[in-house]
Amino acid sequence: MRTARRASTVEVPSFLRQLVKETEKMVTFFFKGGRRHPGTDEDDFDNEEDIPSPYLQMPILNKDTEEGGSKCGINYAMASMQGWRAQMEDAHTCMPEMADGFPDWSYFAVYDGHAGRTVAQYCSRHLLDFILDTGGVTVGEDVEQVKGGIRDGFLGIDSHMYTLARNESWDHSGSTAAAVMISPRNIYFINCGDSRTFLCRNGQVFFYTEDHKPFNPREKERIQNAGGSVTLQRINGSLAVSRGLGDFDFKEVEWRAQTEQLVSPEPEVYELKRTPEDEFLVVACDGVWDAISNEELCAFVRNRLQVCDDLRDICAQVIDLCLYKGSLDNISIIIICFDGAPKVKPEALQHETELEQIIEQKVEEIIQIIRAKDKEPDLLYVMKFLASENIPGLPPGGGISCKRDCIIAAYQKYAAVFRSTEQMETGGSEDSN
Ligand code: MN
């Protein structure tokens, strides 16, 4: 009974998830920019005949990156990209040395803003200060006090922003927050919303944070108790995330406490003891998780760490992978490596070189087949052909799409060779065609 249930939860969800994702995308289009806020429609689109699209005609592919490390052996890199969205609303904080007085603590966070960027940016600049100002986080490290300080910091900044938003007429934005605070002894996982963090320990996803979605029973109950409803998997058919900072239009139920509103700013905080088997942490927004699972990304990052010593480049490769897998959102990712992270290995490099040789050969063969039919070799066709082939040794979690650069290089090489051969055969009469 139990096994049968397990089996079906493995097989059905990927299809279901896809279906839900497609529905989400359509709903997003219907709801003017994805996260409609009651009361803001008129303000934002007053004299507009057309609803502005939340998506661009072409994605913006420039990436912001940074990297660094701490004296205690933590290395990190971050990359973010606007992608298909009309606005870049993600923000982040990377503090390998958390603050004065905490030289061997680190703090990293991703904030995924919606309906504007003000709240996400304010949090990226000030949330850590609000947490530290509670006094709960001390070098002596009482775990329960640290967790309490983090929670109170979230509630504190949210009340503060509530006042600012009213007095300075901010946009009606909100933001998720996914963060890790790393002490010499522990890792604190901090989550509020549907961004996500996982820890890879011993080659496996050992821990990951739970997304706060309106349809989770506990979240749904809070929403209904605050007089709201969950329709189309959204709060009042509108907001697709059930916890977050900002979103003050969803925090106006006067007879309910701060953590009992339609949207709650209360983070879930979970601590784990650090071990030598800890390899790396990934903190990322849903622009990543919409496209790839925890296990796939874990396998992919582990694989890349063995062939590439540039952590920024690995972050960039993850972003490209998510884009090719269909992510339509802003994408932000931070990878934080501990001493136990996989290192570049000669065997892995050798394997990668062989893989690229196989791909190059396949591209050449495919182009030959196409030319034999008297057709122009087309890159998209070559890609589709390759995708249908069984190529052994592709990076786990990455598949053929993460070797796109290699395919393009081979395509350019062989398409050009065949073109010039043909030109020679036909007397170089390119302009007679
Ligand atoms: Mn997002």
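Residues numbered from 1 in each chain as written. Predicted model: local features only at pLDDT ≥ 70, side-chain atom pairs only at ≥ 80, totals over all residues. Heavy atoms only, no water.

Comments concerning the overall build of the protein
Along the protein, the regular secondary structure elements total 11 helices and 15 strands. Looking at the protein as a whole, 48% of its 433 residues qualify as buried. For the protein, the proportion of contacts with a sequence separation of at least 24, taken over those separated by at least 6, is 70%. (Helix = DSSP H or I, 4+ residues; strand = E, 2+ residues; numbered from the N terminus. Buried < 20%, exposed > 50% of the residue type's maximum accessible area, 1.4 Å probe, protein only. Contact = heavy atoms within 4.5 Å.)

Some thoughts on the coordination of the manganese ion
Bound to the manganese ion are the protein donor atoms Asp112 (OD), Asp286 (OD) and Asp329 (OD), situated 2.1 to 2.2 Å from the metal. Along the chain, the residues donating to the manganese ion are arranged with the sequence spacing D-x173-D-x42-D. One end of the pair, aspartate 112, is in strand 4 (residues 106–114); the other, aspartate 329, is in the loop between helix 8 (311–324) and strand 15 (331–337), and 217 residues separate them in sequence. Residue aspartate 112 shares its accessibility class with aspartate 329, and that shared class is buried. (Donors = N, O, S within 2.8 Å, 3.2 Å for Na, K, Ca; no water.)

Details of helix 9 (residues 346–372)
Spanning 27 residues, helix 9 covers 39 Å between terminal C-alpha atoms, matching the ideal 39 Å at 1.5 Å per step. Among all positions of helix 9, only Ala348, Glu352, Leu355, Ile359, Lys362, Val363, Ile366, Ile367, Ile370 and Arg371 are buried. Once helix 9 ends, the next one or two residues include aspartate 374, with phi positive near 65°. (Expected span 1.5 Å × (residues − 1).)

Thoughts on the pattern of salt bridges
Using the criterion set out here, one finds 26 salt bridges in the structure. The closest approach of N and O atoms between glutamate 266 and arginine 151, which form a salt bridge, is 2.8 Å. Of the two residues, glutamate 266 sits in the loop between strand 12 (245–246) and strand 13 (268–273) while arginine 151 sits in helix 4 (residues 143–167), which places them 115 residues apart along the sequence. Judged by relative accessible area, which is 29%, arginine 151 ranks as partly exposed. (Salt bridge = Lys/Arg side-chain N within 4 Å of Asp/Glu carboxyl O.)

Comments concerning the environment of asparagine 225
As for its position among the elements, asparagine 225 is in helix 5 (residues 217–225). Taking the relative accessible area as the measure of exposure, asparagine 225 reaches 39% and is therefore partly exposed. Setting aside residues no more than four positions away along its own chain, asparagine 225 makes contact with Trp255 and Arg256.

Some details on the side chain of threonine 93
By secondary structure assignment, the location of threonine 93 is in strand 3 (residues 90–95). Excluding anything up to four places from it in sequence, threonine 93 contacts Tyr107, Phe108, Ala109, Tyr111, Ser124 and Ile334.

Digging into the nonpolar core
Core analysis: the biggest nonpolar cluster contains 34 residues, and Phe280, Val282, Val288, Leu297, Ile333 and Ile335 have the highest contact counts within it. When residues of this core are traced back to their parent elements, those giving at least two are strand 2 (75–85), strand 8 (196–201), strand 14 (278–284), helix 6 (286–289), helix 7 (294–305), helix 8 and strand 15. Not counting residues up to four positions away in its chain, the partners in contact with phenylalanine 280 are Phe198, Leu199, Cys200, Cys298, Val301, Arg302, Leu305, Ile335, Ile336, Cys337, Phe338 and Pro342. Grouped together as the second largest cluster of nonpolar side chains are 33 residues, Trp105, Tyr122, Trp170 and Tyr188 included. (Core = buried A, V, L, I, M, F, W, Y, C linked by side-chain atoms within 4.5 Å.)

So, the pairing of strand 2
The two faces of the sheet receive side chains in turn, since in a regular strand these alternate between them. Within strand 2, nine of the 11 residues are buried, leaving the element largely enclosed by the surrounding structure. By the bridge criterion, nine bridges tie strand 1 (residues 55–69) to strand 2 in an arrangement that is antiparallel. Residue pairing across strands places glycine 69 opposite asparagine 75, the latter belonging to strand 2. Here seven bridges tie strand 2 to strand 15, and the two strands are oriented antiparallel to one another. Among the inter-strand pairings, alanine 79 is bridged to a residue of strand 15, identified as isoleucine 333. (Pairing = 2+ DSSP bridges.)

What about helix 4?
Taking 1.5 Å of rise per residue, the 25 residues of helix 4 would be expected to cover 36 Å, and the 36 Å separating its terminal C-alpha atoms lies within 8% of that figure. Every buried residue of helix 4 is accounted for by Val146, Lys147, Gly149, Ile150, Gly153, Phe154, Leu155, Ile157, Asp158, Met161, Leu164 and Ala165. Among the structural elements, helix 3 (118–133), strand 6 (177–182), strand 7 (186–192), strand 12 and strand 13 are those in contact with the buried residues of helix 4. Serine 169 sits one or two positions beyond helix 4 and adopts a positive phi of about 30°.

Some words on the state of the cysteines
Here the structure, examined in full by the defined rule, presents zero disulfides. Counting only cysteine sulfurs, cysteine 337 is the nearest neighbor of cysteine 315, a cysteine outside any disulfide, at a range of 8.6 Å. Since its relative accessible area comes to 0%, cysteine 315 is described here as buried. Of the cysteine sulfurs around cysteine 322, a residue in no disulfide, the closest is that of cysteine 285, at 8.7 Å. Among the residues examined, cysteine 322 registers a relative accessible area of 0% and is labelled buried. (Disulfide = S-S within 2.5 Å.)

Notes on the sheet that holds strand 8
Judged by pairing direction, the sheet is antiparallel, and its six strands sit side by side in the order 1-2-15-14-8-9 without closing on themselves. Two strands in the sheet have a free side with no partner beyond their single neighbour: strand 1 and strand 9 (204–208). Across this sheet, the average inter-strand angle for adjacent strands is 20°, counted without regard to direction. Sheet strands touched by helix 8: strand 1, strand 2 and strand 15. Its angle to strand 2, the strand with the most contacts, is close to 30°. (Axes fitted to C-alpha atoms, helices over the stretch in contact; angles between N-to-C directions.)

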